[in-house]
Amino acid sequence: MTERFRTVFQTEKPVTAMVHLGALPGSPLYDPAVDLVAAARADLQALQDAGFDAVMFGNENDRPYEFTVDPASSAMMAFVIGQLRNEITVPFGVNMLWDPMASVAVGATTGAGFIREIFTGTYASDMGVWSPDAGKAMRYRDRLGRSDMAMLFNISAEFAHSLDTRPLPDRARSAVFSSIPDAVLVSGQITGEAAALSDLEAVKAVLPDTPVLANTGVKHDTVADVLNVADGCIVGSSLKRDGDTWNAVDPERAADFMNRVRAARG
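Rules used in this analysis
- Residues numbered from 1 in each chain as written.
- Predicted model: local features only at pLDDT ≥ 70, side-chain atom pairs only at ≥ 80, totals over all residues.
- Heavy atoms only, no water.
- Helix = DSSP H or I, 4+ residues; strand = E, 2+ residues; numbered from the N terminus.
- Buried < 20%, exposed > 50% of the residue type's maximum accessible area, 1.4 Å probe, protein only.
- Contact = heavy atoms within 4.5 Å.
- Areas by Shrake-Rupley, 256 points an atom, 1.4 Å probe, with all protein chains shown as cover.
- Lys, Arg positive; Asp, Glu negative; His and termini not counted.
- Charge placed at Lys NZ, Arg CZ, Asp CG, Glu CD.
- Phe/Tyr/Trp six-rings, centres within 6.5 Å; stacked < 30°, edge-to-face > 60°.
- Lys NZ or Arg CZ within 6 Å of the ring centre and 35° of its normal.
- Pairing = 2+ DSSP bridges.
- Axes fitted to C-alpha atoms, helices over the stretch in contact; angles between N-to-C directions.
- Expected span 1.5 Å × (residues − 1).
- 1 Å grid on protein atoms, 1.4 Å probe; cavity = no way out; pocket = protein on both sides within 12 Å on 5 of 7 lines; lining within 4 Å.
- Points joined across faces, edges and corners; volume = space filled by probe spheres on them.
- Nonpolar A, V, L, I, M, F, W, Y, C, P; charged D, E, K, R; others polar.
- Salt bridge = Lys/Arg side-chain N within 4 Å of Asp/Glu carboxyl O.

Quick look at the overall build of the chain
So, point 1. On a plain count of helices and strands, the chain comes out with nine helices and 11 strands.
So, point 2. Projected onto its principal axes, the C-alpha coordinates of the chain cover approximately 45 × 40 × 35 Å.
So, point 3. Out of the 266 residues belonging to the chain, those deemed buried represent 54%.
So, point 4. Put simply, 70% of the contacts in the chain that link residues at least 6 apart link residues at least 24 apart.
So, point 5. For the chain, the accessible surface area stands at approximately 11100 Å², while carbon and sulfur atoms represent 51% of it.
So, point 6. Averaging the coordinates of the 23 positive side-chain charges in the chain and doing the same for the 34 negative ones gives two points 5 Å apart.

Structure, rendered in structure tokens:
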């Protein structure tokens, strides 16, 4: 397990909850009448009250997704985090979909402990051919003076199909050797859809010394099974009212989820 991961997540099998911001400036769904700070504050408070180990700010609603995030979106994400910074009591991360460089920039400048993105591989996706550059992103992080910021690599991209024909465990093992991630994330096909438990098991089997996290679709009735295999998870949709990704966090669902996590972790 990498030193950065241990330093950021000082909990065995950490569970990170998503703070999904409303659509940001530059996105077709952006509504200037929506108070993005107030909505994020309410979700953040509910998640911290529930006892999540970490939170991650994301621009999930900036659809249609792009590989290069609008600078106005990055600026607004940084502004919202800045407005909430003194209220954040747990480690926090950033993910600017689907842009590694924007994720690094916003994470580094807001003081985030970690970022998540697709950093390796080549994919056919809803957005076109997808070919990120892990080396460029990691060197950018270090140039910004944030070599302490952990980088979580999603190795099974949502909304996409890998053009690499190697089995998922082989791609995961290769990414760890070639691109030195702090953790490897395994996802389902789209946001809110579970990664196959067999995929988690197969990736963890070849990466016993690297944190392997479930990245999507972890639910109240599956979290115990997931944590029996994975080294942690990231959760968003399951914590929302009615389990709907686009709704606000439901404090009762969030509290129930973490009660199950505590029981699973013993």
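Regarding the packing of aromatic side chains
So, point 1. Across all of its chains, the model carries 11 aromatic pairs by this definition.
So, point 2. Their ring planes at 50° and their centres at 4.9 Å tell us that F9 and F114 sit as a pair that is tilted. Residue F9 is found in the loop between α1 (3–8) and β1 (15–20), and its partner F114 is found in strand β4 (residues 114–117); the two are separated by 105 residues along the sequence. Residue F9 shares its accessibility class with F114, and that shared class is buried.
So, point 3. Judged by centre distance (6.0 Å) and plane angle (80°), the rings of F57 and F92 are edge-to-face. Of this pair, F57 sits in strand β2 (residues 54–58) while F92 sits in strand β3 (residues 92–95); the two residues are 35 residues apart in sequence, bridging distant segments of the chain.
So, point 4. The exposure class assigned to F57 is buried, which follows from its relative accessible area of 0%.
So, point 5. Joined through ring pairs, the aromatic side chains of Y65, F67, W98, Y123, W130 and F159 make up one cluster.
So, point 6. Of note, R63 hangs over the ring of W246, and the distance from its end group to the ring centre comes to 3.9 Å.

Quick word on the sheet that holds strand β8 (residues 160–162)
So, point 1. The three strands lie next to each other as β6-β5-β8, forming an open sheet whose pairing is antiparallel. Either end of the sheet is taken by a strand with one partner, and the two such strands are β6 (128–130) and β8. Strand-to-strand, the axes of this sheet are offset by a mean angle of 25°, without reference to chain direction.
So, point 2. Looking at chain direction, strand β5 (residues 123–125) and β8 are connected through three bridges and run antiparallel. Bridged to A124 within β8 is H161.

Regarding helix α6 (residues 168–179)
So, point 1. Over its 12 residues, α6 runs 16 Å from end to end, which matches the ideal 16 Å to within 8%, given 1.5 Å per residue.
So, point 2. Considering only its buried residues, α6 is in contact with β5, α5 (134–143), β7 (150–154), β8, β9 (183–186) and α7 (197–206).
So, point 3. Following α6 by one or two positions, I180 has its phi on the positive side, about 40°.

Re the layout of surface pockets
So, point 1. The volume enclosed by the largest pocket comes to roughly 310 Å³.
So, point 2. In this structure, the largest pocket is lined by 18 residues; those nearest its centre are H20, L21, G22, N61 and W246.
So, point 3. Listing elements by their share of the lining of the largest pocket, those giving two or more residues are β1 and α2 (36–50).
So, point 4. Ranked by residues supplied to the lining of the largest pocket, first place goes to α2 with four residues.
So, point 5. Contributing to the lining of the second largest pocket are 16 residues, with S156, R171, S187, Q189 and D199 lying nearest its centre.
So, point 6. In the lining of the second largest pocket, the residues fall into seven nonpolar, six polar and three charged.

Some words on the pattern of salt bridges
So, point 1. Using the criterion set out here, one finds 10 salt bridges in the structure.
So, point 2. Here R265 and D53 are joined by a salt bridge, their closest N and O atoms 2.8 Å apart. Within this pair, whereas R265 is found in helix α9 (residues 251–265), its partner D53 is found in the loop between α2 and β2, the two being separated by 212 residues in sequence.
So, point 3. According to the relative accessible area criterion, D53 is buried, its value standing at 15%.

Here we look at unusual backbone geometry
The general pattern is negative phi for most residues beyond glycine and trans for most peptide bonds.
So, point 1. The residue after R63, namely P64, is reached through a cis peptide bond having omega -10°.
So, point 2. Within the secondary structure, P64 sits in the loop between β2 and α3 (71–84).
So, point 3. Of note, the amide linkage connecting L97 to W98 takes the cis form, showing an omega dihedral of -20°.
So, point 4. By the element assignment, W98 lies in the loop between β3 and α4 (100–110).

The values are spatial; any link to function lies outside them.
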